[in-house]
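# Architecture at a glance
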Amino acid sequence: MKWKTRLGAGVTALAAVLGVVSAPAATAAPATALAAPDISLANIKTHLNQLQTIANNNGGTRSPRGAGYAASVTYVENLLKNAGFTTTRQTCTSCIGQSQNLIAEWPQGDASQVIMLGAHLDSVSAGPGINDNGSGSASILETALTLARTNPAMAKRVRFAWWADEESGLVGSKYYVNNLPSSERTKIKTYLNFDMIGSKNWGYFVYDDVASVKAIFDEYFSSIGIQTEGDSEGDGRSDHASFKSAGIPVGGLATGAGDIKSSAQAQKWGGTAGAAFDNCYHRACDTTSNIPDTPLEKNSDAIGYALWKLAVATTQGNDFSVSLNPTAGTVQPGQSLQVAVSTATTSGSAQSISLSASGLPSGATASFSPATVQSGGSSTLTITTSASTPTGSFPVTVTADGASVDHTASFTLGVGTSSCAPVTTGTRLDIPDYPGAAVTSTATVGGCARNASNATKVEVHITHTYRGDLVLDLVAPDGTAYRLKNSSSDSTPNLDTTYTVNASSEAANGAWQLRLRDVGPADTGYLSSWTLTV
């Protein structure tokens, strides 16, 4: 494709991924990677036409409630098997119809370092789901087939996944992650998710959960003159949330769903301001006619670019890895814990590494013994809290500053009291009138050593002149969103009610958010308070 030619064959690779991707320091010896080949738009469109045909033959849908989803799995699996992939169907017992996840692994590269790409293959019952999410499914399928055709030397193992029953709440991907032994989870160094990458009134959104993973996609888009934005609309609403909740670094792409394109976005990307990015989102009109070539082509090239950067073998300079054991721990205020920090030389010669930690809550300190090691050496991190350290869950980043390259590793610090009592947030929060952005209010649960219940309660008190305009979501600490209330024609003022959701797959501890959005003009209001009972 024409956009790829501007990158050239001598593209510089980021440092080897081991935990979280990290860009090389200016003094690092360059690592030269084979440039990614073009990902064929024509072939992707062929896959989309096949998915459309499958939907046409199954009542206009590829939902797992009928035979359309299973037929989609068969189509994808046959192509992968013929290309030399090792494929596995995983029956998801919690999915609608016990539908199956499809996993395909390319049998080359270091099996202890897995780069994983995924997309949900199911549609809603209302339509064929060609953008949502045939676009992501077809693009990673063609990326996989391109990998097989070109057969480059691999530094890391590559695994692709097509998820079942995402539309019911990320059920397939959660089942996969929850059933992975911890030893297998640690092998997955990065998970990349692609959900709706061919929207008709498109934007260019890059997941911003991990800055260094986002930087790879931004590097590609910058090379073809495209500005990107973080994907706030899809945050926690697609399958990457299942991996993020397990502590696996995530990234991905999207082109927008039901959110409205702003004037600034239309000026930046073209298209129609004041209209949805995809006005056929979750509708029968989400067909092959709903997908333009431009976003599909550029995003599929970006997928190939990222995969080649992350997994294809490079000629490395001096490099190392860093890992933590354990990767999470909980203390009461005033207590301390210790974490083993291990390093290894992965290429070239050993180098000196200085260790530091960031992201600690107030009143907490970190020390390393020793604070400087040679790659291949180890250290002990001690995190000490005080009586004033706030409760909650805090992502701590350990930075290993090497003489040639830098790397990071992540640790989740829990600080809490022994309580699963209801948490109330009573700070007034104004809700911007349409078309204003969604706003969030946070309630932090600490010291509740269990999962949330299957009857988690959210009590809300909202003053508003037209409550039918309001859309409410409960967002779990791992980013998974649970819809509490859709918009309606209910003209009654104010909202004082309690919602119940099944959040039993979520850890109770952490920062929960109530997300509020006004989707109708003229009427205004504010959140008075809300109470979360996990």
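Everything that follows concerns the structure shown earlier in this document.
Let me sum up the structure you'll find in this document.

So, about the overall build of the chain. Of regular secondary structure, the chain possesses nine helices and 28 strands. Taken over C-alpha atoms, the radius of gyration comes to 23 Å for the chain, in line with the 24 Å a tight globule of 534 residues would show. Counting only C-alpha atoms, the chain reaches 70 × 60 × 45 Å along its principal axes. Expressed as a percentage of its 534 residues, the buried residues of the chain come to 54%. Counting contacts in the chain only where the partners sit at least 6 residues apart, residues at least 24 apart contribute 76% of the total. Accessible surface, the chain: about 20000 Å² in total, of which carbon and sulfur atoms supply 48%. Of note, the chain has its 33 positive side-chain charges centred 4 Å away from the centre of its 41 negative side-chain charges.

Take the environment of Ala302 next. Among the secondary structure elements, Ala302 is positioned in helix H9 (residues 293-311). Along the primary structure Ala302 and Ile39 are separated by 263 residues, whereas in three dimensions their C-alpha atoms are 9.1 Å apart. Every residue in contact with Ala302, bar those within four places of it in the chain, is listed here: Phe217, Tyr220, Phe221 and Leu253.

Attention now moves to the environment of Asp478. Checked against the element boundaries, Asp478 lands in the loop between strand S24 (470-475) and strand S25 (481-485). Along the primary structure Asp478 and Ala42 are separated by 436 residues, whereas in three dimensions their C-alpha atoms are 37 Å apart. Residues in contact with Asp478, not counting those within four places in the same chain, are Ala241, Lys244, Ser245 and Glu506.

A separate point is helix H1 (residues 41-56). Between its terminal C-alpha atoms H1 stretches 22 Å, which fits the 22 Å expected from 16 residues at 1.5 Å a residue. Listed as buried for H1 are Leu41, Ile44, His47, Leu48, Leu51, Gln52, Ile54 and Ala55. Down the axis of H1, the buried side of the element spans an arc of 160 degrees, and every buried residue falls inside it. Set apart from the buried face of H1 by more than 90 degrees, the exposed residues are Ala42 and Asn56. Here the buried face of H1 lies against helix H2 (68-83), helix H3 (130-150) and H9. Looking at where H1 begins, the residue whose side-chain oxygen comes 3.4 Å from the main-chain nitrogen of Ala42 is Ser40.

Right, let's talk about the pairing of strand S9 (residues 250-254) for a bit. S9 sits mainly inside the fold: five of its five residues count as buried. Neither face of S9 is left uncovered, since the one carrying Val250, Gly252 and Ala254 and the one carrying Gly251 and Leu253 both have all their residues buried. Bridge count for strand S6 (residues 188-194) against S9 is four bridges, and the pairing is parallel. If you follow Asn193 over to S9, its bridge partner there is Gly252. Direction of pairing for strand S7 (residues 205-206) relative to S9: antiparallel, over a ladder of two bridges. Bridging from a neighbouring strand, Phe205 pairs with Ala254 of S9.

Below, the discussion takes up the sheet that holds S24. The four strands are arranged S22-S27-S24-S25 in an open sheet whose pairing can be described as antiparallel. The open sheet has two edge strands, strand S22 (439-445) and S25, and neither has a second partner. Strand-to-strand twist of the sheet, defined as the mean angle between neighbouring strand axes without regard to direction, takes the value 25 degrees. Relative to strand S27 (residues 510-518), S24 runs antiparallel, the two being bridged by six bridges. Bridge pairing links Val471 to Arg517 in S27.

Attention now goes to the state of the cysteines. Scanning all chains against the criterion turns up two disulfides. What pairs with Cys92 in a disulfide is Cys95, and their sulfur atoms sit 2.2 Å apart. With the S-S bond torsion at 80 degrees, the cross-link from Cys92 to Cys95 turns out right-handed. Here Cys92 falls in the buried class, since its relative accessible area comes to 0%. What makes Cys95 buried here is its relative accessible area of 6%. Residue pairing for Cys280: its cysteine sulfur links by disulfide to Cys285, the two sulfurs lying 2.1 Å apart. An S-S torsion of about -115 degrees defines the bridge between Cys280 and Cys285 as left-handed.

A few words now on the packing of H3 against H9. Between H3 and H9, whose axes approach to 10 Å, the crossing angle comes to 45 degrees. As far as their axial angle goes, H9 and H3 are oblique. As for the relative orientation of H3 and H9, their crossing is right-handed in sense. Between H3, through Ser135, Ser139, Ile140, Thr143, Thr146, Leu147 and Thr150, and H9, the contact on the second element is made entirely by Leu296, Ser300, Ile303, Gly304, Leu307 and Trp308. In terms of residue class, the contact of H3 with H9 is built from six nonpolar, seven polar and no charged.

Thresholds applied
Residues numbered from 1 in each chain as written. Predicted model: local features only at pLDDT ≥ 70, side-chain atom pairs only at ≥ 80, totals over all residues. Heavy atoms only, no water. Helix = DSSP H or I, 4+ residues; strand = E, 2+ residues; numbered from the N terminus. Rg over C-alpha atoms; globule rule 2.2 N^0.38 Å. Buried < 20%, exposed > 50% of the residue type's maximum accessible area, 1.4 Å probe, protein only. Contact = heavy atoms within 4.5 Å. Areas by Shrake-Rupley, 256 points an atom, 1.4 Å probe, with all protein chains shown as cover. Lys, Arg positive; Asp, Glu negative; His and termini not counted. Charge placed at Lys NZ, Arg CZ, Asp CG, Glu CD. Expected span 1.5 Å × (residues − 1). Arc of directions from axis to C-beta. Polar contact = N/O pair within 3.5 Å; in protein donor to acceptor, adjacent residues only side chain to side chain. Pairing = 2+ DSSP bridges. Axes fitted to C-alpha atoms, helices over the stretch in contact; angles between N-to-C directions. Disulfide = S-S within 2.5 Å. Parallel < 35°, antiparallel > 145°, perpendicular 65-115°, else oblique. Left-handed = near helix turned anticlockwise from the far one by under 90°. Nonpolar A, V, L, I, M, F, W, Y, C, P; charged D, E, K, R; others polar.

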